[in-house]
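Listed here are the chains, written in short residue letters.
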Amino acid sequence: MKEKLEKIKSEAIRQINESEALDKLNDVRVTFLGKKGELTAVLKSMKDVLPEDRPKIGQLVNEAREEIERVLDEARTNMERRIREAKLKAEVIDVTLPAQKNSVGHRHPNTIALEEVERIFVGMGYEVIEGPEIEKDYYNFEALNIPADHPAKDEQDTFYINGDILLRTQTSGVQVHEMEKGKLPIRMIAPGRVFRADEVDATHSPSFHQVEGLVIDKKITFADLKGTLAEFARELFGEDTKVKFRPHHFPFTEPSAEMDVSCFKCGGEGCRFCKGEGWLEILGCGMVHPKVLTMCNIDPEEYTGFAFGVGLERIALLKYEIDDMRLLYENDIRFLKQF
Amino acid sequence: MNTPLSWIKAYVPDLICEDREYCDAMTLSGTKVEGFRRLDKNLEKIVVGHIEKIERHPAADKLIICQVNIGSETIQIVTGASNLKEGDYVPTVLDGGRVAGGHDGGPLPENGVKIKAGKLRGIESNGMMCSIEELGASRDLYPEAPENGVYVFQKAVTPGEDAIEALGLRDTVVEYEVTSNRVDCYSIIGIAREAAATFKKSFVPPAVTIKGNNEDAKDYICVEVQDTDLCPRYCARVCKNIKIAPSPEWMQRRLSACGIRPINNLVDITNYVMLECGQPMHAYDLSTVAGNKIIVRRAKDGDTFQTLDGQMRKLDSEILMICDAEKEIGIAGIMGGENSKITQDVQTVLFEAATFHGANIRKSAKRVGLRTDASGIFEKGLDPRNAEYAINRACQLIEELECGEVVGGIVDVKQPLLDLRQIRFEPERINQFLGTDISKQDMLEIFDRLELVYDTNTDMITVPSFRQDIECFADIAEEVARFFGYDKIPTTLPTGEATAGKISFKLRIEQKARDIAEYCGFSQGMCYSFESPKVFDKLLIPDDSPLRQAITISNPLGEDFSIMRTISLNGILTSLSVNYNRRNKNVRLYELGNIYIPKSLPIEDYPDERMQFTLGMYGEGDFFTMKGVIEEFFESVGIKKITYDPNAQKSFLHPGRQALIKYKDAVVGYLGEVHPDVTDNYDIDTRVYVAVLDMPEILPYTTFDRKYEGIAKYPAVSRDISMVVPKNILVGDIEKVIEQRGGKILEEYQLFDIYEGSQIKQGYKSVAYSITFRAKDRTLEESDVSSAMKKILNGLEGMGIELRA
């Protein structure tokens, strides 16, 4: 009996070792360990064994079964590993073949610039407000301290619909709409399209975009204006950006200033990009003129504020080194794809 | 405004600074410098040479050999110039020197032209004698220079001395951008005052004194201002025994540097005073002034007048004229008349220094079509107090230049001058406003330099008349800030009540539209708001369509930009056309921009500005691709169950491939394939698909709120149905039936096959759906599903649909 078991066992192991496929291994399992297998047959023939020998034979049968199972499992594991390795080896691809892109569209550079500006000011507690593009003279000029005869009205070369209604030349009118609502304090920015009667060329467009900013509160100072816009410039152009404020004139602010930022290409050393100046002109700003506050029923003795206006195209052209403004309105996909 | 730095320094004598330093400091104190130009740029080793001997060149007819004394030695120079003679003094550039440009007067090379000794046709030449163009100047500014040839000094010079200095070219011309509020800075005196305050030096303007004779101007001329609203002040003086001659060199050089051509002493004096004082002057030949009388009055509509440039000008009743007893002799503030022009023979001159209504001059100049240096200054609105100073300055120069004899007295017709403005001095408020801590003393020092007079008794600041821009507290604060230095003001952030930053819901929806469009492969374009009225024809829009009721711009750039768009399609189609004609493949663009719908025409109030989300594409994809983008968008803004109505009747879309997009009963947009006639009009030779969503119509239904509905725990049951459907029935109609009749357990339905063709009888199509049922709270019984299916099938059969096995 013992010899028979040894024989079965060694035959099984031989067959296992000769197996080259998983189904062959399975056949071996069935042949030796299955219900009709050889070991089962041995167990079935126990009735022919002397009762006192039965535990011993039983133990031998179990040992043989365990041994066969162990070898079988080991063989299966090895075989599965080999098969996987072979499969992986066969599946090598050329990773330098072209990518299959999802062809996501691209945002207009103006919008990218706008979203940057919005992100910065919303983070500082400003609300984004909109105003009408077709505007009344009062909001575009008069309420901004630009009376009927003021040369600014000519300089800006306004598109008129009629004597009283025009295409806004600046987003500053949104300030007035907002102040008229009578809710203080105000911290707002107003992005939008503006229009001026300029012929189209590389640096002019009859339609472009501005972002207006306005803060009205008690005790707002010129220093606050400087601090806020310096922070804005650092956020927009990088931590090392320096700013310079130059006196200027706008009818609706007093004092007024223009803000330059250190050239972000050369860091202020002077380069072709900043025409050797080291500085780039970015925006106009100032303390809200007391006359403007008064016209909006805000007491200039109690409240002060600052306002600023940024040209979005200017920022987009600078940031992305776009050398012709016409590209922004042609919508050539080869241009848009670069943003 | 261009001025030579030397002229500024003449009135700020202690000012010593480099060009760059000057320009930076002036910019930072508010007189913005646009740029500066050194007149002696690239002029090196150029001295006065004295031509001692001229000989012919043995080998070239057109060349001469000159022996030129340059002080230290005599050198030989060969030249082709034909205007030279022995004894001439000429600017001579030595070996190794440099000149600014070529003798042709073309654009100046950045680094000039290097001059080296060499041989010309075998004869040694050790330098070059220069034309005025080679020195970077022009005959306009040096009228004595010959048209072709070497510049010859007309004044006494010494061989070897610096020729550039002798020519007055050791100077820097500074270009300023003067802001419109600073009328006073359109003058040398104004800028010099700012420079003095900027550099904290004393300001020494020219002191005006006139001898005058013992006659009285009133005996020569009588002035009557009829339209005092347009002429607050008119000063007149008379000079006789005029001797016309060139003005002295110093005056010529100053005018030249400002870009004004010297002409003769009289004309030069008026120009000089205009530059120096910012007060335009006019000179009339008194013998041409009929009745020795000046009348200032408006012209009559339809009058014509010949200005001294010889042109006939059309006048109207808002144009102010200077007249004599009989006729008009000048357009006030713009240009004098041909009929009173100064000639070489003038004996007696009438000087005019007046102030006119700025806006009137500006508008008149525009209508007359003549904007002169004078009108450009008058239009800013001049200080009436300056007129008297300027006319006296002109008379002083007449005497100094020995140009004539000044008649005593002045004829001065003026409206009462306004009192000088007074503003309270509030140093604490200024500091509070600026966020600074500037001492009262420092502020007063700034005021002093600007001639703002502080009275300790009244605590008031008196504003000089030339500072018309200073009106209130904030203006005073600005003066303090400018000269304290904007850069020294601290930087802080606003204190006070915190506010919440936010973006309006409308803008958030627009952001979402951009996101979805881009995910779907569309890039953002930007189009103009104004376009041509021809667009309506291009889009085949019927003549009676309300879309043609557009707002018109009264002064457009041209007809192509003359109406405010009422439909957004033209922009996107034009952009697609640009791409198509540049052979860009598979282009997908979108735009978010307004259309402008008038409430009435002509408009009296704000029009309705409606944000349009417009998509357009050609290349890969079709109608259903576009439809997919639309549905992605609606899903993302919480709108479900959009429907499509094929009866859109859009003339610009393919009649069988267009649909209105509806939500509930509202039309929220449309989509379709563009009509081939329209794509032809845009030069696009392929199918184009567009969609336009009217955002204001959509906005009320949008939401970012979502509610979790649980993930189904119980199994679903699916049934497929296959139908033969009359062709005219839309799958949308079938879906409506499924939806209405499927009951609560209907989960979803999906079209999986649609077929028209030979296997299906004429006029029919085959349609197959897979319908899925599921209950939230239990496993469905067979009977639940079959009763729901039965209802659906009954409904479909009612529509004439045949069910297939």
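The structure displayed is predicted, hence computed values, not measured ones.

> How would you sum up the overall build of chain B? Please name residues and give values.
Helices and strands together make up the secondary structure of chain B, namely 20 helices and 40 strands. Over its C-alpha trace chain B gives a radius of gyration of 41 Å, far above what one expects of a compact globule, namely 28 Å for 805 residues. In terms of overall dimensions, chain B has C-alpha extents of about 125 × 85 × 60 Å along its principal axes. Looking at chain B residue by residue over its 805 residues, the buried ones come to 53%. Taking the contacts inside chain B whose residues are at least 6 apart along the sequence as the reference set, 70% of them involve residues at least 24 apart. Surface accessibility of chain B: about 36,900 Å² in total, with carbon and sulfur atoms responsible for 47%. Between the centroid of the 96 positive side chains of chain B and the centroid of its 122 negative side chains there is a distance of 5 Å.

> With reference to specific residues and values, describe the sheet that holds strand 35 (residues 666–674) of chain B.
Backbone-to-backbone hydrogen bonds join strands into a sheet, with any given pair of strands oriented parallel or antiparallel. Residues and elements named next belong to chain B. Sheet architecture is open: seven strands sit in the order 28-31-32-36-35-34-33, paired in mixed fashion. Whereas interior strands pair on both sides, the edge strands pair on one side only; in this sheet they are strand 28 (523–524) and strand 33 (642–645). Bridging between strand 34 (residues 653–663) and strand 35 involves seven bridges; their strand directions are antiparallel. Each residue of the ladder has a partner; that of L653, found in strand 35, is V674. Lying over the sheet, helix 16 (residues 623–636) contacts strand 31 (588–597), strand 32 (608–618), strand 33, strand 34, strand 35 and strand 36 (688–694), oriented at roughly 25 degrees with respect to strand 36.

> Quick one: what's the story with the pattern of salt bridges, residue by residue and with numbers?
All names here are of chain B. Summed over all chains, the structure comprises 85 salt bridges over all chains. Across the pair E338 and K341 runs a salt bridge whose closest N-O atoms are separated by 3.7 Å. On the accessibility criterion, K341 (34% relative accessible area) is partly exposed. Close ionic contact of E426 with R429 constitutes a salt bridge, the shortest N to O distance being 3.3 Å.

> Which residues make up the environment of E388 of chain B, and what values do they have?
Residues and elements named next belong to chain B. Mapped onto the elements of the fold, E388 is located in helix 9 (residues 384–400). Sequence-wise, E388 and E352 are 36 residues apart; in three dimensions their C-alpha atoms are separated by 9.9 Å. Ignoring anything within four residues of it in the chain, the contact list for E388 reads R233, C235, I410 and D412.

> Break down the pairing of strand 39 (residues 764–773) of chain B for me, citing the residues and quoting the values.
Residues and elements named next belong to chain B. The buried count for strand 39 comes to nine of 10 residues, which makes it a mostly enclosed element. Bridge count between strand 38 (residues 746–755) and strand 39: eight bridges; the pairing is antiparallel. Each residue of the ladder has a partner; that of D753, found in strand 39, is A768.

About the cut-offs
- Starting afresh in each chain, residues are numbered from 1 along the sequence in its written order.
- Each chain gets a letter, beginning with A, and each ligand a number, beginning with 1, in the order they are written.
- For a predicted model such as this one, the threshold for reporting local features is a pLDDT of at least 70, and the threshold for listing and counting side-chain atom pairs is 80 or more; totals across whole chains, interfaces and linings nevertheless cover every residue.
- Computation of side-chain values covers all heavy atoms of the structure but excludes hydrogens and water.
- Helix numbering and strand numbering both begin at the N terminus, where a helix is a DSSP run of H or I of at least 4 residues and a strand a DSSP run of E of at least 2.
- Two things to know: the radius of gyration comes from C-alpha atoms, and the globule rule equals 2.2 Å times the number of residues to the power 0.38.
- In this scheme, a residue with accessible area under 20% of its type's maximum is buried, one over 50% is exposed, and one in between is partly exposed, where area comes from a 1.4 Å probe on protein chains only.
- By definition in these notes, contact holds between two residues if any of their heavy atoms fall within 4.5 Å.
- Note on areas: Shrake-Rupley, 1.4 Å probe, and residue coverage restricted to the protein chains presented here.
- When charges are counted, neither His nor the chain ends are considered; positive counts come from Lys and Arg and negative counts from Asp and Glu.
- Charge positions are represented by NZ for Lys, CZ for Arg, CG for Asp and CD for Glu.
- Strand pairing is defined by DSSP finding a minimum of two bridges between the two strands.
- Interaxial angle, 0 to 180 degrees, is taken between N-to-C directions of lines fitted to C-alpha atoms, where a helix line uses only the stretch in contact.
- Salt bridge, as applied in this entry: a Lys or Arg side-chain nitrogen positioned within 4 Å of an Asp or Glu carboxyl oxygen.

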